Amino acid sequence: MSKPKHILVIRLSAMGDVAMTVPVLRALVLQYPEVKITLVSRPFFQPFFDGIPNVDFLGVDLNKRHKGFLGLLRLFSDLRKLNIDLVADLHNVLRSKVVRTLFALSGQKVAATDKGRVEKKALTSLTNKVFAPVKSMVERHVDTFKQLGFSIDLTNPQFPEKAILSEEILSTARIKNQNWIGIAPFAQYESKVYPLDLMQQVIDGLAENKNQKIFLFGGGEKEIQLLNQLQNQHENVIVLAGKIKLKQELDVISNLDVMLSMDSGNAHIAAMLGVKVITLWGATHPYAGFKPFNQPDDFCLTSDRIQYPLLPTSIYGNKKVEGYENVMRTILPTQVIEKINSNLT
């Protein structure tokens, strides 16, 4: 009896979470070329999956057509027309649970990603902390597909070729005749953001080498203003935020030699494209399962746990602990610059 061919994958959430599914899906379709995938996510994320064979993208409209419980019923009705055989719920929240339950009641086999909430709570507890790595989200997604009968091997991942840069991008980024360094200095929560005065030292230090070009990534008016300050009139530092669209931003990232990021979506975007990613960690920690895919442990520069033994205090950075506001100041700009330079050819 042949395996079912059409898998529905649900992944609705934040940018980094969606980016972490990309290496898994790319490996799945390469190792099982007979499989077809329909991915349901927010329309903004469609460029993440461009070029992956056998993956169709369906943008969910959570503001109108698919809003609320009745909207989820409409989404299920829309998806049933696609003759789905299996459902992989990689999000595992109320919305996705409703859709997968409707498929289960219709006779389809379903599986959902175990987010490891108990282990993560123990890791971030302020008392009786269990400081040990939990299974990564990428591994958890692999486990989900295993429940559906697909064993995925990620030991030798394949990444897309570096994008050919369009004339429009080159008018901003210019020709690549130097090492290209990306820096994404922001994150959703302040506890994950490297202090801007220290980040300024990092950028100034890297910009001293004229054989290096530094691209600054971010979004929104406030971040663009701060990036313009960080640019600090260096000719080889370019603010990309607000100048190009997401697809073009992905093309630039694919051409980077290294990306410096917080524990944020940009880290996972660069990792899914096979770029070296140096990450800085404040209240959070790579042990929580969100280390960028296929990156060495020493690419994660973490705050000092001897000085701040309660770290990590949060999984997502949304919890504040008194006295822990300055943990990232224990990561020195010289450390960051040295780690980047040592990974440039």
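A brief structural summary. (Residues numbered from 1 in each chain as written. Predicted model: local features only at pLDDT ≥ 70, side-chain atom pairs only at ≥ 80, totals over all residues. Heavy atoms only, no water.)

In this section: the overall build of the protein chain. Helix and strand counts for the protein chain come out as eleven helices and eleven strands. Taken over C-alpha atoms, the radius of gyration comes to 21 Å for the protein chain, in line with the 20 Å a tight globule of 345 residues would show. C-alpha atoms of the protein chain, sized along the principal axes, occupy 60 × 55 × 40 Å. Split into buried and exposed, the 345 residues of the protein chain put 55% on the buried side. Pairs at least 24 apart in sequence give 65% of the contacts found in the protein chain among residues at least 6 apart. Roughly 16300 Å² of accessible area belongs to the protein chain as shown, and the carbon and sulfur atoms make up 51% of that amount. Treating the 41 positive side-chain charges of the protein chain as one cloud and the 33 negative ones as another, the clouds have centres 8 Å apart. (Helix = DSSP H or I, 4+ residues; strand = E, 2+ residues; numbered from the N terminus. Rg over C-alpha atoms; globule rule 2.2 N^0.38 Å. Buried < 20%, exposed > 50% of the residue type's maximum accessible area, 1.4 Å probe, protein only. Contact = heavy atoms within 4.5 Å. Areas by Shrake-Rupley, 256 points an atom, 1.4 Å probe, with all protein chains shown as cover. Lys, Arg positive; Asp, Glu negative; His and termini not counted. Charge placed at Lys NZ, Arg CZ, Asp CG, Glu CD.)

As a general point, the strands of a sheet are linked pairwise by backbone hydrogen bonds and lie either parallel or antiparallel. Spatial ordering of the open sheet is given by S8-S7-S6-S9-S10-S11, a layout of six strands whose pairing is parallel. Strands at the two margins of the open sheet, each flanked by one partner only, are strand S8 (237-239) and strand S11 (300-302). On average, adjacent strands in this sheet sit at an angle of 20 degrees to one another, irrespective of strand direction. Here helix H8 (residues 221-231) sits on the sheet and contacts strand S7 (212-216) and S8; the angle it forms with S8, its principal contact strand, is near 170 degrees. (Pairing = 2+ DSSP bridges. Axes fitted to C-alpha atoms, helices over the stretch in contact; angles between N-to-C directions.)

Relative to the helices and strands, Leu28 resides in helix H1 (residues 15-31). You can call Leu28 buried: its relative accessible area is 0%. For the pair Leu28 and Ile152, spaced 124 residues apart in sequence, the C-alpha to C-alpha distance is 6.0 Å. When sequence neighbours within four positions are dropped, the list of residues in contact with Leu28 reads Ile7, Ile37, Phe145, Phe150 and Ile152.

Attention now moves to the pairing of strand S1 (residues 6-10). Within S1, five of the five residues are buried, which leaves the element mostly enclosed by the surrounding structure. Both faces of S1 are covered, namely the face carrying His6, Leu8 and Ile10 and the face carrying Ile7 and Val9. Across five bridges, the pairing between S1 and strand S2 (residues 36-41) is parallel. Across the sheet, Ile10 pairs through a bridge with Val40, a residue of S2.

Below, the discussion takes up helix H11 (residues 333-341). Listed in full, the buried residues belonging to H11 are Pro333, Val336, Ile337, Lys339 and Ile340. Around the axis of H11, the buried residues are gathered within 165 degrees of arc, so they sit on the same side. Facing away from the buried side of H11 by over 90 degrees, the exposed positions are Thr334 and Glu338. Looking at the buried side of H11, the elements it contacts are strand S6 (179-184), helix H7 (196-207), strand S9 (258-262), strand S10 (277-281) and S11. (Arc of directions from axis to C-beta.)

The five strands lie next to each other as S3-S2-S1-S4-S5, forming an open sheet whose pairing is parallel. Only two strands of the sheet have a single partner each, and these edge strands are strand S3 (55-59) and strand S5 (109-112). If you compare each strand with its neighbour and ignore which way they point, the axes differ by 20 degrees on average. Bridge analysis of strand S4 (residues 86-89) against S5 gives four bridges, and the strand direction is parallel. Each bridged residue has a counterpart across the sheet, and for Leu86 the counterpart in S5 is Lys109. Across the sheet, H1 lies against S1, S2 and S3, angled at about 170 degrees from S2, the strand it touches most. Here helix H3 (residues 94-105) sits on the sheet in contact with S1, S4 and S5, set at roughly 160 degrees to S4.

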